[in-house]
Amino acid sequence: MQRVSRRQFIRFAGLGAAGLAIAACAPAADEAAVGTGATAEVVNLRYQSRELQEAEGVQELWSEFYPEFKANNPDIEVEFLPQPGGVNLREGVLAQMVAGDAPDLIEFCCWSSTFFVQKGETLNLQAYIDRDADEVDLDDYYEGQFDPWVDEQGDIHLMPRFTGTMALYYNIDMFEEMGVDTPPHEWGAWNHEDYVAIGENFVSREPGQPISWATSNYGMNANWLSQYWIRGFGANMVNPDDNKLCGLGEPAAVDALNYIHSIIWDSQIFAYGSDIGMGVNQLFESGRISMMEMGPWSLGATMRNATFRWDVAPLPMGPSDITTHQSVDGTMIWNKTDHPDESWETLKWLTSPFYGKLYAKWGTKQPSRISVLPEFHAALIDRDERFGDIDIDVFTSSIAASLGGPEEMFANDFTCKSTILKPAFDQVMLLNEAPVDLIVQHADIVNRFNAGEIAVEDLGAAMADLG
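Because the structure is a prediction, the values reported are computed rather than measured.

Asks: Whenever I open this one, the packing of aromatic side chains confuses me. Can you help?
Replies: For any pair of aromatic rings, the description consists of the separation of the ring centres together with the inter-plane angle of the planes. All chains considered together, the criterion is met by 34 aromatic pairs. Centre to centre, the rings of Trp111 and Phe414 are 5.4 Å apart; their planes meet at 35 degrees, and the pair counts as tilted. Of this pair, Trp111 sits in helix α4 (residues 110-118) while Phe414 sits in helix α17 (residues 413-430), and the two are 303 residues apart along the sequence. Under the relative-accessibility criterion, Trp111 is labelled partly exposed at 24%. On the accessibility criterion, Phe414 (30% relative accessible area) is partly exposed. Its guanidinium or amino end placed over the ring of Phe115, Arg90 lies 4.9 Å from that ring's centre, counting from NZ or CZ.

As structure tokens, then:
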């Protein structure tokens, strides 16, 4: 794709025809947010996206969406800001907030979304949601979707950007070459022990040959990637009844942590280490692993880059339960925006079924709205007919069955995960320099920190005392 400047991109986006065939799916003009109204003055908003400027489909998405938005909102002008390459979006936006010049609407993934809620930088959306309940329709989202985005009063601060169900991509050609049956396509039809038994067929440590593993993900750390495995063992990283408590000291959690450690360092089916030299997508595309734990956000890249036959299957279940992850990727309104009403109107459009269908087609993103999910596969096929051979139902059926959940967030989430737990996970999982007991000890520090027994400035000393 030819790289264009942001100014060229915005100008290009405005050239599309206002009357689109898909317009019937968009909010009607008389469904605009109460209180915005028509004004003589055009309000200019900045919308910071997580999509990279050169991301495939982003120009097409915006050029279809924006003319219809403008036709119904002539008094709102939106500047689309792609994420600059090589920039830490969270740190960049935080600096803009400190300077008093952050965008009006901002997209964040995972713990970063909760970070800004807990920092007090997000606009409380609850009054808008209550007022526009029929249009917003919270029942059109999966159970738990908003859990990471509520404040202490239970008010919602973000709206979903898209949803992503974690599943297992696998290389059909490699399975056939090794004479191994491919993974089953029903949730709950295989388990963590089957995963190891299958995976051992693909581990290779032959002298003079590239090392190969069986599977991987972005990295088993103090995050959602280890959380879905821990839930499969019947435990939680964050206590579901009290987010000030860490559950990693519970026996089932310890079992899960030992299993994770064993697939990395004992059976070595799982690629994770500081010396691998490439990410999980590259490992999969290069044939260094036969499977990867991944969400639907990689469907487009895998279809584009893979030179082999591939498909998707459910994740293996743990000894206690079926497990998966439902992504937390949403859009916030900065609470210091000069235009909260217009920002909310824009956010409603960015989370409408109309936008969700376009995002599924052009961005290959799994829709957040349950009502749009049945159209996901057709949207992908419309983009690339080869998606007709991929079992997309693996992703969408998990929503219908209420499987998995979003990332679990602590009170003081950034400090608990990044400052306290991550150093222990690195020592145990990444470097194999400490036993699982170290994570349990750091979990106790999380509990003491959230109870006010350890001040933030004393955390380093408390962890150093563990040896």
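Past the structure itself, the notes keep going.
Asks: Would you take a moment to explain the confidence of the model for the protein for this structure?
Replies: As a general rule, the predicted coordinates of low-pLDDT regions are not to be interpreted in detail. Overall, the prediction assigns the protein a mean pLDDT of 90, with 91% of residues at 70 or greater. Note that residues 1-39 has pLDDT below 50 and, in this model, 73 contacts with residues that lie over four places away or in other chains.

Asks: Just checking my understanding: could you explain unusual backbone geometry for this structure?
Replies: For residues besides glycine, phi is generally negative; the peptide bonds are generally trans as well. Positive phi values are uncommon outside glycine, yet Ser402 reaches one of about 55 degrees. Mapped onto the elements of the fold, Ser402 is located in the loop between α16 (393-400) and α17.

Asks: What am I meant to see in the nonpolar core here?
Replies: One broad trend across soluble globular proteins is that nonpolar side chains are buried collectively. Counting 90 residues, the largest nonpolar core has Tyr169, Leu248, Leu299, Trp310, Leu421, Phe425 and Met429 as the members making the most contacts within it. Residue contributions to this core peak at eight residues, all from α17. The residues that make up this core include at least three from each of domain 1 (2-163 + 329-398) and domain 2 (166-325 + 412-467). Excluding anything up to four places from it in sequence, Met429 contacts Met220, Leu257, Ile260, His261, Ile264, Trp265, Tyr272 and Ile439. Counting residues in hydrophobic clusters, the runner-up holds 48 residues, among them Val117, Trp344, Phe354 and Tyr355.

Asks: Help me out: how do you make sense of the state of the cysteines in this one?
Replies: Working definition: the covalent bond between the sulfur atoms of two cysteines is a disulfide. Applying the stated criterion across every chain yields a total of one disulfide. A disulfide bridge connects Cys109 with Cys110, and the sulfur atoms are separated by 2.1 Å.

Asks: Is there a simple way to think about the sheet that holds strand β2 (residues 76-83) in this case?
Replies: Where strands meet in a sheet, backbone hydrogen bonds hold them as pairs that are either parallel or antiparallel. Here five strands make up an open sheet; going across it, the order is β2-β1-β3-β8-β4 and the pairing mixed. Lying at the two open borders of the sheet, with one neighbouring strand each, are β2 and β4 (158-162). The mean inter-strand angle of the sheet, taken between neighbouring strand axes irrespective of direction, is 30 degrees.

Asks: Before we go on, may I ask you to explain the domain arrangement of the protein in this structure?
Replies: Quoted interface sizes are often the accessible area lost when the parts come together. What the domain assignment lists for the protein is domain 1 (2-163 + 329-398) and domain 2 (166-325 + 412-467). Centre-to-centre separation of domain 1 and domain 2, based on C-alpha positions: 30 Å. Across the contact, 24 residues belong to domain 1 and 23 residues belong to domain 2. In total, domain 1 and domain 2 occlude about 1800 Å² of area from one another, counting both sides; carbon and sulfur atoms represent 69% of this.

Analysis parameters
- For every chain, the first residue of its written sequence is number 1, and the numbers climb from 1 along that sequence.
- In keeping with the model being predicted, local features are shown solely for residues with a pLDDT of at least 70 and side-chain atom pairs are shown and tallied solely at 80 or more, while totals for entire chains, interfaces and linings include all residues.
- Water and hydrogen atoms play no part in the side-chain values, which are based on all heavy atoms of the structure.
- Ring pairs shown here join Phe, Tyr and Trp side chains whose ring centres sit within 6.5 Å, with only the six-membered ring taken for Trp; geometry is labelled stacked below 30 degrees between planes, edge-to-face above 60, and tilted in between.
- Think of it this way: any DSSP run of H or I at least four residues long counts as a helix, any run of E at least two long counts as a strand, and we number them from the N terminus.
- The buried label applies to any residue whose accessible area, calculated with a 1.4 Å probe on protein chains only, is under 20% of its type's maximum; exposed applies above 50%, and partly exposed to all values in between.
- The rule is short: NZ of Lys or CZ of Arg within 6 Å of the ring centre and within 35 degrees of the ring normal puts a charge over the ring.
- Within a predicted model, pLDDT stands for the predictor's per-residue confidence, ranging from 0 to 100.
- The contact criterion used throughout is that any non-hydrogen atoms of two residues lie within 4.5 Å.
- Within this scheme, the nonpolar core is defined by two criteria: the residues are buried Ala, Val, Leu, Ile, Met, Phe, Trp, Tyr or Cys, and they are joined through side-chain atoms within 4.5 Å.
- Domain delimitation follows an automatic or database domain assignment.
- When two cysteine sulfur atoms lie within 2.5 Å, the pair is treated as a disulfide.
- Strand pairing requires that DSSP identify at least two bridges connecting the strands.
- Interaxial angle, 0 to 180 degrees, is taken between N-to-C directions of lines fitted to C-alpha atoms, where a helix line uses only the stretch in contact.
- As used here, buried area is the combined drop in accessible area, with a 1.4 Å probe, of two parts when they are placed together.

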